[in-house]
Amino acid sequence: MSSARTYEVRTYGCQMNVHDSERLTGLLEGAGYVAAPADAQADVVVFNTCAVRENADNKLYGNLSHLAPIKAANPGMQIAVGGCLAQKDRSTITAKAPYVDVVFGTHNIGSLPVLLERARVMEEAQVEILESLEVFPSTLPTKRDSAYAAWVSISVGCNNTCTFCIVPALRGKEKDRRPGEILAEVEALVAEGVSEITLLGQNVNAYGVEFGDRQAFSKLLRACGEIEGLERVRFTSPHPAEFTDDVIEAMAETPNVMPSLHMPLQSGSDKVLKDMRRSYRQAKYLGIIERVRAAMPEAAITTDIIVGFPGETEEDFQATLDVVREARFSGAFTFQYSKRPGTPAATLDDQISPEVVKDRYERLAALVNDVAWEEGKKLVGRRVELMVSEGEGRKDKATHRLSGRGPDNRLVHFTPPEGVDVRPGDMVTVEVTYAAPHHLVADGPATAVRRTRSGDAWEARNAAPATPAGVTLGMPTLGVPAPLPDAPACR
């Protein structure tokens, strides 16, 4: 039998795209492809694109042009382009890069293996873009890299009309999964050894809008609290306009829902928020933060902020700095506004000069770091239980440390106790000795190690590497996404 064809998936953009890429990987492996070694050229290269980032199209076509001569020398090689830019540009991609074999959109990622085979047999490019979701992504197979943590998608799409965002046009209106389906997936994950799940949605706390239950999200959080063996529940990303007190109560009253919250601010200026079509104002945002902290004093809150939105004055910018000082964020993803084709904001008057935007960005970043550092210093001397993570500390090998996440999702580098095998997914108790803006350090050895089912699952997976199968046409299997890197969703 000939050796299996190899694949590589290159992902750009937000959590939704990374989530989709895990599905694409699962689909390809289910169809008999195997991951290409790091030092080898893949037979199939899939670009999962983003239309939100600045110059996203230039980046795509630049990367495609690098592959053109490689493909010319390897006629059997195939190139596929999917994701938000594919949904937006459609046939333009094959016009600009005629050597692309497959173009597919955000609504039909499940079609990729069939489209690749059709392109190979018919020897012509296959372009398939659907206007609405064909199959909810979580029903597709996946290749989940983590044994201990997983992401569970509860909704796709968005009903908001923020002027800086093109996602609703490309991902469509919000579609919600039924609660029973979500909880069944979570229970299946826990049975596999997963002990932390993160509920994922473009606007996660609007969950239930499609079936008319405004308290559906808080009910879902409470239901997760009933699942035995599920130790940590997180969610991302909520919208302040739909953030209701029943969600705060569910977070505070459900022991396995973690005291961490990522809630996009975007701007602290009421005028800019209005121009952005963000349906809340500074006072409402700060009111949510105040109620979250009253219910969960230990909560760590992170956010997204855009500087230099068209028409933003120095006074508007100062209002954003004021919110950062008052909200006491433990971290923030900060962005310089740039025109995004297809968004209403791209055509607004009063675009801010790049020099002013850069200056404001640097001042904001400095304040965010200072506030995060001050908040981190408050934890020095405190004992925290960490879930040990895999590969989060860039200097861990040099320092002989491991890394983990506390209940508030802060990253902590710690020293494992001598002679004790600590595995990803296990729980350790440490005392924080040092704070930096983006992480904490526990220099003394961990005072307690709790070996977990998740650690067992990680050990079992790494002890027995899977043997790649030949090309098959097997039925899809249920699966879940692997944990994602820290990144803001497109919203």
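In short, a report on the structure. (Residues numbered from 1 in each chain as written. Predicted model: local features only at pLDDT ≥ 70, side-chain atom pairs only at ≥ 80, totals over all residues. Heavy atoms only, no water.)

1. Quick look at the pattern of salt bridges
Part 1 of the reasoning: Applying the stated criterion across every chain yields a total of 29 salt bridges.
Part 2 of the reasoning: Residue Lys219 is joined to Asp213 by a salt bridge in which the shortest nitrogen-to-oxygen separation is 2.9 Å.
Part 3 of the reasoning: Relative accessible area serves as the criterion here: at 46%, Lys219 is assigned to the partly exposed category.
Part 4 of the reasoning: With its nearest N and O atoms 2.9 Å apart, the salt bridge here joins Glu312 to Arg360. In this pair, Glu312 is assigned in the loop between strand S13 (300-307) and helix H12 (314-327) and Arg360 in helix H13 (residues 354-377), connecting sequence segments 48 residues apart. Across this residue pair, the class does not change: Glu312 and Arg360 are buried.
Part 5 of the reasoning: Overlapping salt bridges bring together Glu312, Glu314, Asp359, Arg360 and Arg363 as one network. (Salt bridge = Lys/Arg side-chain N within 4 Å of Asp/Glu carboxyl O. Buried < 20%, exposed > 50% of the residue type's maximum accessible area, 1.4 Å probe, protein only. Helix = DSSP H or I, 4+ residues; strand = E, 2+ residues; numbered from the N terminus.)

2. Considerations on helix H11 (residues 282-295)
Part 1 of the reasoning: Taking 1.5 Å as the rise per residue, H11 with 14 residues should run 20 Å; its terminal C-alpha atoms sit 20 Å apart, in good agreement.
Part 2 of the reasoning: Buried within H11 are the following residues: Tyr285, Leu286, Gly287, Ile288, Ile289 and Val292.
Part 3 of the reasoning: Where H11 is buried, its residues touch helix H9 (245-253), strand S12 (260-262), S13 and H12. (Expected span 1.5 Å × (residues − 1). Contact = heavy atoms within 4.5 Å.)

3. Notes on the sheet that holds strand S10 (residues 196-200)
Part 1 of the reasoning: Overall, parallel pairing links the three strands, which are arranged S7-S10-S11 in an open sheet. Each edge of the open sheet is held by one strand with a lone partner, namely strand S7 (149-153) and strand S11 (232-236). Going from strand to strand, the sheet's axes swing by 25 degrees on average, the running direction of each strand aside.
Part 2 of the reasoning: Of the pairings in the sheet, the one linking S10 to S11 comprises five bridges and is parallel in character. By the bridge assignment, Ile197 is partnered in S11 with Val233. (Pairing = 2+ DSSP bridges. Axes fitted to C-alpha atoms, helices over the stretch in contact; angles between N-to-C directions.)

4. With respect to the sheet that holds strand S2 (residues 34-35)
Part 1 of the reasoning: Spatially, six strands are ordered S2-S1-S3-S4-S5-S6 in an open sheet, and the strand pairing comes out parallel. Both edges of this open sheet fall to S2 and strand S6 (126-128), since each of them pairs with a single strand only.
Part 2 of the reasoning: Where strand S1 (residues 6-11) lies against S2, two bridges are found, and the strand directions are parallel. Across the sheet, residue Tyr7 finds its bridge partner in S2, namely Ala35.

5. As for unusual backbone geometry
Phi is mostly negative for residues that are not glycine, and the peptide bonds are mostly trans.
Part 1 of the reasoning: Backbone torsion omega between Thr236 and Ser237 reads -5 degrees, so that peptide bond is classified as cis.
Part 2 of the reasoning: With respect to the helices and strands, Ser237 occurs in the loop between S11 and H9.
Part 3 of the reasoning: The backbone of Gln266 shows a phi angle near 70 degrees, a positive value even though the residue is not glycine.
Part 4 of the reasoning: Among the structural elements, Gln266 can be located in the loop between S12 and helix H10 (270-276).
Part 5 of the reasoning: The backbone of Asn409 sits at a positive phi, close to 75 degrees, despite the residue not being glycine.
Part 6 of the reasoning: Along the chain, Asn409 turns up in the loop between strand S16 (402-405) and strand S17 (411-415).

6. What about the packing of aromatic side chains?
Part 1 of the reasoning: In total, this model carries five aromatic pairs according to the counting rule given.
Part 2 of the reasoning: Ring centres 5.5 Å apart and planes at 80 degrees place the aromatic pair Tyr207 and Phe211 in the edge-to-face group.
Part 3 of the reasoning: Exposure remark for Tyr207: the relative accessible area of 1% places this residue in the buried category.
Part 4 of the reasoning: Given the relative accessible area of 26%, Phe211 is considered partly exposed.
Part 5 of the reasoning: Aromatic pair Tyr285 and Phe329: ring centres 6.3 Å apart, planes at 65 degrees, arrangement edge-to-face. One end of the pair, Tyr285, is in helix H11; the other, Phe329, is in the loop between H12 and strand S14 (331-336), and 44 residues separate them in sequence.
Part 6 of the reasoning: By relative accessible area, which is 0% here, Tyr285 ends up buried.
Part 7 of the reasoning: Pairwise contacts between aromatic rings join Tyr280, Tyr285 and Phe329 into one cluster.
Part 8 of the reasoning: Positioned above the aromatic ring of Phe211, the side-chain terminus of Arg178 is 4.5 Å from the ring centre. (Phe/Tyr/Trp six-rings, centres within 6.5 Å; stacked < 30°, edge-to-face > 60°. Lys NZ or Arg CZ within 6 Å of the ring centre and 35° of its normal.)

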